Amino acid sequence: MALKPILMIVFLLSLACFAIAFGISAWISRSKRRSQIGPSNTSKGEGKTLRELYRQWAQLAYQYGIKLPFIKSYIQRIRQRIVLIHPYDEIALRYETMKLTLAITGTIGLTALLLIWSRPDWSFIVIVLMAAVVISNMLVEMFILRLERKLLGQAVELFSVVRHHYQQHGMVEEALYEAAESAGHEISLHANRIYNALVSQDPDDALERYYEIAPNRYLKAFAGISHLVMEFGDQARKQGSIYLQGLSGLSKEIQLDILRRDKLDYLMKGLHVIALAPVFFTKPIERWARSSFPSMDEFYMSKLGFVTKISIYVIIVISYILLQKLQQHRETDYRAGLERPSWEERLYRVPIVRALVRMAAPGIGTSIFHRQLRLLKESNARIKFEWLYVRRLMLFFMVFILSLSLAIGLHVQARHHLLYTPVPPHPSLFGQMNEVERVQAEKTAEQDRNVMRRIGMSPDATPEQVRHGISQSGHTGLSAEQMDAAVKRILSKISRYEGEYLRWWELLFSLCLGWLAYCSPLWLLYFHRKVRNMEMRHEVYQFQTVISILRGMERISVEGILEWINRFAVIFKVPIQKCLLHYEHGAQMALEELKEDVWFPEFQRLVDKLLLAMDKVPIKDVFDDLEGEMIFSFEQRKQQYEAMIDTKAAWARMIGFTPMYALIFMYLVIPLIGMSFTQMEVYYEQIQRL
């Protein structure tokens with residue numbers, strides 16, 4: 001059966017499996033919503049029984065899957081992503097986690113098995129498994145992004161309903177309770193948690209716990225503003241109520257974020273699939289080229305062909321990672337205080353590793369040390385300076401050893417290729433050898449191999465020794481021209497065989513790759529610092545929103561403002577907590593240290609105003625121009641969003657199509673042109689002999 005019909009069948013089967021899994025998931029979700037609204041209309045209850053059986057089976061699958069080593073980490077990662085967005089209870093959380101896990105692994109696993117069955121080759125199996133891992137991550141991201149987008153849309157509706165009920169009752173808790181009753185399912189869970197935190201005996205502690213699990217900064221700001229108004233009361237200004245102004249500002253922020261996400265998703269739609277598609281076409285292209293152009297075997301079986309294939313796979317992986325980075329909307333990446341077990345810390349306890357770190361790291365007090373330490377602070381990296389160098393050294397040794405091993409393996413493969421590749425009787429660019437010619441080519445390769453071994457693979461062998469070896473190997477009936485061609489071919493093979501050894505420039509190239517890996521953690525920190533600029537601007541805008549409410553309150557102080565902005569700070573949480581700890585021992589010195597710890601100019605201007613408010617200047621007068629700054633900041637970020645989206649879209653299009661261009665030109669067009677020029681030289685020599 002031809003390859004094209006097999007791929008078409010596999011593609012249709014994978015689409016059918018995905019449609020079945022999606023239909024089952026949609027049916028279960030719809031049945032769940034119907035059960036929450038009211039009793040089922042079915043007379044026998046068969047649908048409910050099937051649904052309960054499926055839920056019980058999912059719970060059992062979760063209990064057994066969480067005990068398996070590799071499956072446990074995958075389930076926990078999906079669970080962690082879901083729980084940050086959707087605060088289910090434990091039973092519902094396990095069910096939703098397993099529903100997504102089974103849908104993804106079932107679809108990807110069945111598709112991978114069908115692809116492997118259609119092409120049972122070890123290299124293709126490894127490629128399919130790698131692609132399955134990447135595609136599963138992509139499907140998880142798609143699910144989470146869709147849930148985040150849905151939650152933001154429901155948040156806008158919630159704030160609108162809260163505004164309506166607050167204008168009716170004038171009470172925050174009553175407005176929030178009534179709005180939660182009519183809100184969407186996902187946002188109602190968060191609204192109920194905020195309401196329970198506000199009416200609890202210790203609202204501050206309850207809100208702190210909610211801030212740790214809040215899915216986005218808008219709900220954190222909404223909870224903080226609601227608590228502020230409940231504690232200090234609402235005060236009407238010329239523009240209206242403080243609480244209603246805060247809700248309007250949050251609604252505008254969410255709508256701007258939704259427009260940004262929708263436009264970016266629209267411009268980057270389908271680029272992930274385009275970037276991953278070349279993974280499945282390397283083998284078909286190679287198979288077609290080798291069947292149509294026999295001389296292409298020399299390229300695909302050579303070191304250059306193997307390196308080209310690996311380079312294409314590396315380009316595919318890098319393109320996919322960059323596209324994921326460009327399309328990311330996650331705020332949880334920059335959560336301050338995020339602690340997790342560090343393999344760098346465990347390795348640093350080894351004496352040899354500690355000694356290598358001391359040799360590689362710059363000395364304390366040097367300019368490089370202070371510059372890199374500042375970079376760790378500005379990028380919000382949750383690792384110590386010594387652990388950074390543990391990571392850099394491990395990457396250096398890993399990449400160096402892998403690249404050196406690859407170079408040695410390529411030489412071994414090239415030697416094997418020289419010994420066992422069939423020798424065609426009449427080399428040709430077009431067509432394909434028939435069965436008789438193939439048998440003769442394999443026999444010629446075997447005879448050449450016997451002659452080479454008979455003379456000991458000696459690079460100093462003379463043509464007479466090769467002729468003697470050919471005659472002793474049973475070569476009879478060869479003409480003088482055929483004997484000369486065989487001698488020339490065997491001497492060329494011996495010379496190329498002896499030339500396959502590790503060269504100095506390959507060792508230097510492996511060292512260069514290791515050095516690039518050694519520098520990559522620092523480059524990643526620079527990238528994170530650049531990305532965090534926008535997140536810092538978001539957080540400063542939230543601080544301004546809180547201060548705009550607090551500055552009208554009586555008995556508010558600078559320390560009180562610091563305590564409030566610390567409650568839902570993310571990026572600046574650690575320096576603000578440090579300032580609060582040192583505040584009692586010297587307020588001005590603590591604020592000066594806060595200004596030195598944070599390099600962001602807009603936050604430094606905010607600290608300057610707090611310093612001014614300590615010198616007997618009323619807080620209300622210090623922040624009298626705050627509304628104008630907030631309007632300017634909103635318009636500025638709106639323009640930055642548009643420029644950022646255009647830049648990301650241009651980069652995404654270029655990155656998304658790079659793997660396809662690399663596959664076509666590096667793996668087919670350029671080798672075919674090179675082989676055609678080589679064959680033209682052979683034809684020209686044959687014509688001259690006529």
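What you see is a predicted model; the values in this text were computed from it and never measured. (Residues numbered from 1 in each chain as written. Predicted model: local features only at pLDDT ≥ 70, side-chain atom pairs only at ≥ 80, totals over all residues. Heavy atoms only, no water.)

Chemist: Hey, could you go over the overall build of the protein for me, with residue numbers and the actual values?
Modeler: From N to C terminus, the protein includes 28 helices and 0 strands. Within the protein, the proportion of its 690 residues that are buried is 45%. Counting contacts in the protein only where the partners sit at least 6 residues apart, residues at least 24 apart contribute 74% of the total. In the structure as shown, the protein presents an accessible area of about 37,800 Å², 62% of it carried by carbon and sulfur atoms. (Helix = DSSP H or I, 4+ residues; strand = E, 2+ residues; numbered from the N terminus. Buried < 20%, exposed > 50% of the residue type's maximum accessible area, 1.4 Å probe, protein only. Contact = heavy atoms within 4.5 Å. Areas by Shrake-Rupley, 256 points an atom, 1.4 Å probe, with all protein chains shown as cover.)

Chemist: Give a detailed account of the packing of aromatic side chains, specifying residues and quantitative values.
Modeler: Taken as a whole, this structure holds 16 aromatic pairs when the rule is applied. Ring centres of Phe 159 and Phe 222 lie 4.8 Å apart, and the angle between their planes is 35°; on these two criteria the pair is classed as tilted. In this pair, Phe 159 is assigned in helix 5 (residues 122-169) and Phe 222 in helix 9 (residues 217-232), connecting sequence segments 63 residues apart. A relative accessible area of 0% means that Phe 222 is categorised as buried. Among the aromatic residues, those joined into a cluster by ring pairs are Phe 369, Phe 385, Tyr 389, Phe 396, Phe 397, Phe 400, Trp 515 and Tyr 518. Just above the ring of Tyr 518 sits the side chain of Arg 392; from NZ or CZ to the centre is 3.9 Å. One cation-aromatic arrangement involves Arg 503 over Tyr 501; the distance from NZ or CZ to the ring centre is 4.8 Å. (Phe/Tyr/Trp six-rings, centres within 6.5 Å; stacked < 30°, edge-to-face > 60°. Lys NZ or Arg CZ within 6 Å of the ring centre and 35° of its normal.)

Chemist: Tell me about the pattern of salt bridges, and name the residues and values.
Modeler: Summed over all chains, the structure comprises 15 salt bridges. When the shortest N-O distance is used, the salt bridge between Glu 148 and Arg 261 registers 3.3 Å. Of this pair, Glu 148 sits in helix 5 while Arg 261 sits in helix 10 (residues 242-267), placing them 113 residues apart in sequence. Both residues of the pair, Glu 148 and Arg 261, count as buried. With its nearest N and O atoms 2.5 Å apart, the salt bridge here joins Arg 467 to Asp 484. Here Arg 467 is found in helix 20 (residues 463-472), whereas its partner Asp 484 is found in helix 21 (residues 480-498), with 17 residues between them in sequence. We classify Arg 467 as partly exposed; its relative accessible area is 34%. Using a relative accessible area of 39% as the deciding quantity, one classes Asp 484 as partly exposed. Bridged by salt links that share partners, the residues Glu 148, Asp 257, Arg 260 and Arg 261 form one connected network. (Salt bridge = Lys/Arg side-chain N within 4 Å of Asp/Glu carboxyl O.)

Chemist: Give a description of the nonpolar core that names residues and reports values.
Modeler: Grouped together as the largest cluster of nonpolar side chains are 80 residues, with contacts concentrated most on Leu 562 and Phe 603. Listed in part, the 30 residues of the second largest apolar core include Leu 139, Val 140, Leu 276 and Phe 293. (Core = buried A, V, L, I, M, F, W, Y, C linked by side-chain atoms within 4.5 Å.)

Chemist: Go over the environment of Pro 362 with me, naming the residues and quoting the values.
Modeler: Its location among the elements puts Pro 362 in the loop between helix 16 (351-360) and helix 17 (367-378). Separated by 10 residues in the primary sequence, Pro 362 and Gln 372 have C-alpha atoms spaced 9.4 Å apart. With residues near it in sequence (within four places) discarded, Pro 362 still touches Ile 368, Phe 369, Gln 372, Phe 385 and Tyr 389.

Chemist: Help me get a handle on helix 25 (residues 587-597), residues and values and all.
Modeler: Considered for burial, the residues of helix 25 that qualify are Ala 587, Ala 590, Leu 591 and Leu 594. End-on, the buried residues of helix 25 take up no more than an arc of 95°, which puts them together on one face. Exposed residues pointing more than 90 degrees away from the buried face of helix 25 are listed as Met 589 and Glu 596. Elements in contact with the buried residues of helix 25: helix 23 (558-567), helix 24 (573-583) and helix 26 (601-614). (Arc of directions from axis to C-beta.)

Chemist: Provide a residue-level description of the environment of Gly 249, including the pertinent values.
Modeler: Examined against the element boundaries, Gly 249 turns out to sit in helix 10. You can call Gly 249 buried: its relative accessible area is 16%. For the pair Gly 249 and Phe 634, spaced 385 residues apart in sequence, the C-alpha to C-alpha distance is 9.5 Å.

Chemist: Could you give an account of a nonpolar patch on the surface, with specific residues and numbers?
Modeler: On the surface, Trp 504, Trp 505, Leu 507, Leu 508 and Leu 511 cluster together into a nonpolar patch covering about 550 Å² of accessible area. Position of Trp 505 among the secondary structure elements: in helix 22 (residues 504-550). (Patch = residues over 30% accessible without salt bridge, like charges linked within 9 Å, V, L, I, M, F, W, Y side chains within 5 Å.)

Chemist: How would you explain the packing of helix 6 (residues 172-182) against helix 9 if you had to name every residue and give the values?
Modeler: Close contact between helix 6 and helix 9 brings their axes to 9 Å; oriented N to C, the two are set at 145°. Together, Val 172, Glu 173 and Leu 176 of helix 6 and Phe 222, Ser 226, Val 229 and Met 230 of helix 9 make up the contact between the two elements. Residue composition of the contact of helix 6 with helix 9, by class: 5 nonpolar, 1 polar and 1 charged. (Axes fitted to C-alpha atoms, helices over the stretch in contact; angles between N-to-C directions. Nonpolar A, V, L, I, M, F, W, Y, C, P; charged D, E, K, R; others polar.)

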